[in-house]
Amino acid sequence: MVEKTPILDTFTYVFLVLGIFIVGFPIIYSLIAATLPLEDVSKVPIPLIPGDQFMVNMKEAWTRGNLGTQIFNSFVMATGITIGKISISIIGAFSIVYFDYRLRVVAFASVFCTLMLPVEVRIMPTYEVAANVLGPLQALWDVLHLNTLVSWFVGHDFEMILNWSLLDSYTGLIMPLIASATCTFLFRQFFLTVPEELCEAAKMDGASPMTFFRKILFPLSKTNIAALVVIEFVYGYNQYLWPLLVTTNPDMTTAVIGLQDLIPQADDLPEWNVALAGALLVMLPPVLVVMSMQRWFVKGLIEKEK
Amino acid sequence: MIKRAYFKSSYLPYLLILPQVLITLTFFYWPALQGLIQSFLLSDPFGQSSKFVWFYNYLEIFRDPLYLKSIVTTVVFSLAVASVSISLGLFIATMANRALQATALVRTLLIWPYAVAPAISGILWLFLLHPSYGVVALGINTWFGAEWNPVLNGNDAMIMITMAASWKQISYNFVFFMAGLQAIPKSLIEAAAIDGASPFKRFWAITFPLLSPTFFFLSVMNIIYSFFETFGVIHTVTQGGPGGSTNILVYKVYQDGFVGLNLGSSSAQSVVLMSLIILITVLQFKYVEKKVQYTG
């Protein structure tokens, strides 16, 4: 670097290779184990030469774990969260940064209070809301005694019962996880760095707010959107607690949860080869997304800090 | 903050912010409020009747030795995960920053565990540390002469989930430290080198203090990660066992609420958890951010 330090340089590379090996070891070892037949994977340690059972194990994991359906569900959930969160956030941030209105500060504060609080801290009541998403409306209806009012108005007994359950549905998997301000915060930070002159020029040319958004702000945000796509896709795909609660039907659950059934328990055959083949298969989509969009991903992660 | 040039419209800004506000109200404020109310009520398991009991639920959880144990477990676990993953992430990033030719390659090789779900990381490590099939477990047994058994021994189980949870987080920390290291001006390092400071001295006197904002940010992020996102690791690997030795707070909320159906207690625990996170965040913004050094 600055001076010649041959010994230190050697150590650097040795430790670096060692570090990469330690980080990669669980995957390499699982990859080998996933290629072995049952009698080899039960040995400790397993033979380090890969076997020829990779496709067999994959197929077994695929059918036994119902992975086709579940990976599809994970995909729908991850995509839904990504698109929902980004589109809601970008227009929300646009409203907060580029408009002056009376409730602006209230809207801003109320959204940003949610910044650091994940769904896990309010898991029980959120579940109740998902079981009947119209519950809040029902409560409002009851508090205002609207039943009595309507009964009096129409002349006979009237009772309003609002019920819309999101359990075991894609909407239920997606919606509660969209309620987070991280993306809005990122877009707000970015919009604040956009030069004032752009908006002034657009206004002078008589552009309406939505034209300005569509023609100028949105194209400028493309790299930020790409970064958020990676981060939110990985976040959505890897969710655990929420899908565990909100889905009971095995055809609606996500792949990360479904894998649990493949893990050999104490009394089962130790079919680790199948379990690991399944695990590798399920982790593949987000890993591919991160690897292929590495540049935006790193940028996005770092920007989230600011 | 608002732009110098802004738009005026009587309905458009409300329309634009409406989806976000609606979703936040329905899935954040309403549940949070319900949780708060629920935590002051004592209800029977079937939800038929409930009674207002003031702070009974809170007093009860803080009198419960299992809850106190869970707090200790959570603190130990999150500190262990944060220190293991931050120190390894910093170490590898420092090394990678010295190996200037290979930085991009090293980053590619190290970044992908971030994309692995905590639950899957748990499965991989469960296989490596399984008392009868795990290769690392075999190594521990032969080299250290210990009786490694995470199924029976609480400490072993804690080590197992710490490894599974930290592994994935190393790459997250690596990315941040790498960015932090590359933002440090070369001239500072060179000036110190001319003054005769050795590479180690330079690291502790210049690089490390300049990385302190990244360091504190990552501490908070890692602690929050180990509070919540590690639920998947615990659920797949230990289910809180053996004997509650890996039963962290978020897992206890789930167990008491959804398995034990003790709504009042579970809500009180959620409220405590929420306050704890708010406290950490406020501390980070108010206190830590001012105390640490910033570059340029």
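Going along each chain's sequence as written, the residues are numbered from 1 onward. For naming, the first written chain is A and the first written ligand is 1, with later ones following in the order written. pLDDT decides what is reported in this predicted model: residues at 70 or higher carry local features, side-chain atom pairs at 80 or more are listed and counted, and totals for whole chains, interfaces and linings draw on all residues regardless.

### Some remarks on the overall build of chain B
At step 1: Under the DSSP-based scheme used, a helix requires at least four consecutive residues in state H or I and a strand at least two consecutive residues in state E, with every element numbered from the N terminus. From N to C terminus, chain B includes 13 helices and 2 strands.
At step 2: C-alpha extents for chain B along the principal axes are approximately 75 × 70 × 30 Å.
At step 3: Once C-beta atoms are placed from the backbone, each residue is buried if 20 or more other C-beta atoms lie within 10 Å of its own, exposed if 12 or fewer, and partly exposed for counts between those two. Classification of the 296 residues of chain B by burial places 44% in the buried group.
At step 4: A fraction of 69% describes how many contacts in chain B between residues 6 or more apart in sequence connect residues 24 or more apart. Residue pairs qualify as contacts under a 7 Å threshold applied to their C-beta atoms, which are placed from the backbone.

### Quick notes on the interface of chain B and chain A
At step 1: Every contact between the two is made by 83 residues of chain B and, on the other side, 86 residues of chain A.
At step 2: With 18 residues, helix 1 (residues 12–38) of chain B is the largest single contributor of residues to the side of chain B that touches chain A.
At step 3: Across the side of chain B that touches chain A, the residue classes tally to 62 nonpolar, 16 polar and 5 charged. Charged residues are taken to be Asp, Glu, Lys and Arg, nonpolar residues to be Ala, Val, Leu, Ile, Met, Phe, Trp, Tyr, Cys and Pro, and polar residues to be all remaining types, Gly included.

### Overview of unusual backbone geometry
At step 1: One non-glycine residue, N66(A), lies in the positive phi region at around 55°.
At step 2: You can see N66(A) is positioned in the loop between helix 3 (54–64) and helix 4 (67–98).
At step 3: The phi dihedral of Q239(B) falls on the positive side, at around 50°, and the residue is not glycine.
At step 4: You can see Q239(B) is positioned in the loop between helix 11 (231–237) and helix 12 (249–259).
At step 5: By C-beta crowding, Q239(B) is classed as exposed, having 12 other C-beta atoms within 10 Å.

### Observations concerning the packing of helix 8 (residues 186–194) of chain B against helix 9 (residues 199–210) of chain B
Residue and element names in this part refer to chain B.
At step 1: Where helix 8 contacts helix 9, the two axes come as close as 10 Å, and the packing angle between them is 140°. Taken together, the axes of helix 8 and helix 9 lie oblique to each other. Two packed elements cross with a definite hand, and for helix 8 against helix 9 that hand is right-handed. Between helix 8, through L188, I189, A192 and A193, and helix 9, the contact on the second element is made entirely by R202, A205 and I206. What counts as an axis is a line fitted to C-alpha atoms, over the stretch in contact for a helix, and the angles between N-to-C directions run from 0 to 180 degrees. Note on angle classes: values under 35 degrees are labelled roughly parallel, values over 145 roughly antiparallel, values of 65 to 115 roughly perpendicular, and the remainder oblique. For a crossing to be left-handed, the near helix must be turned anticlockwise from the far one by less than a right angle; the clockwise case is right-handed.

### Concerning the nonpolar core
At step 1: The nonpolar core is taken to be a set of buried Ala, Val, Leu, Ile, Met, Phe, Trp, Tyr and Cys residues joined by way of C-beta atoms within 7 Å. The biggest cluster of nonpolar side chains holds 158 residues, and the ones touching the most others in it are A33(A), A279(A), I120(B), I123(B) and V250(B).
At step 2: Beyond its immediate sequence surroundings of up to four residues, A33(A) is in contact with V41(A), I46(A), W272(A), N273(A), L276(A) and F127(B).

### Some remarks on helix 4 (residues 103–111) of chain B
All names here are of chain B.
At step 1: Residues V106, L110 and I111 constitute the buried set of helix 4. When helix 4 is viewed along its axis, its buried side chains cluster within an angular range of 120° and face the same direction. The exposed residues of helix 4 that point more than 90 degrees off its buried face are A104, L105 and T108. As used here, the arc is the angular range of directions from the helix axis to the C-beta atoms.

### Re helix 12 of chain B
Residues and elements named next belong to chain B.
At step 1: Helix 12 sits mainly inside the fold: 8 of its 11 residues count as buried.
At step 2: If you check which residues of helix 12 are buried, you get L249, V250, Y251, K252, V253, Y254, D256 and G257.
At step 3: Downstream of helix 12 by a residue or two, L261 has a phi angle that is positive, lying close to 55°.

### Structural notes on the confidence of the model for chain A
At step 1: Scored from 0 to 100, pLDDT reflects the predictor's confidence in each residue. Per-residue confidence for chain A gives a mean pLDDT of 84, with 98% of residues at or over 70.
At step 2: Least confident of the elements in chain A is helix 17 (residues 294–305) of chain A, whose mean pLDDT is 72; most confident is helix 4 of chain A, at 92.

### Re the environment of E229(B)
At step 1: If you trace the backbone, E229(B) turns up in the loop between helix 10 (212–228) and helix 11.
At step 2: Taking C-alpha positions, E229(B) is 9.2 Å from V250(B), a pair spaced 21 residues apart along the chain.

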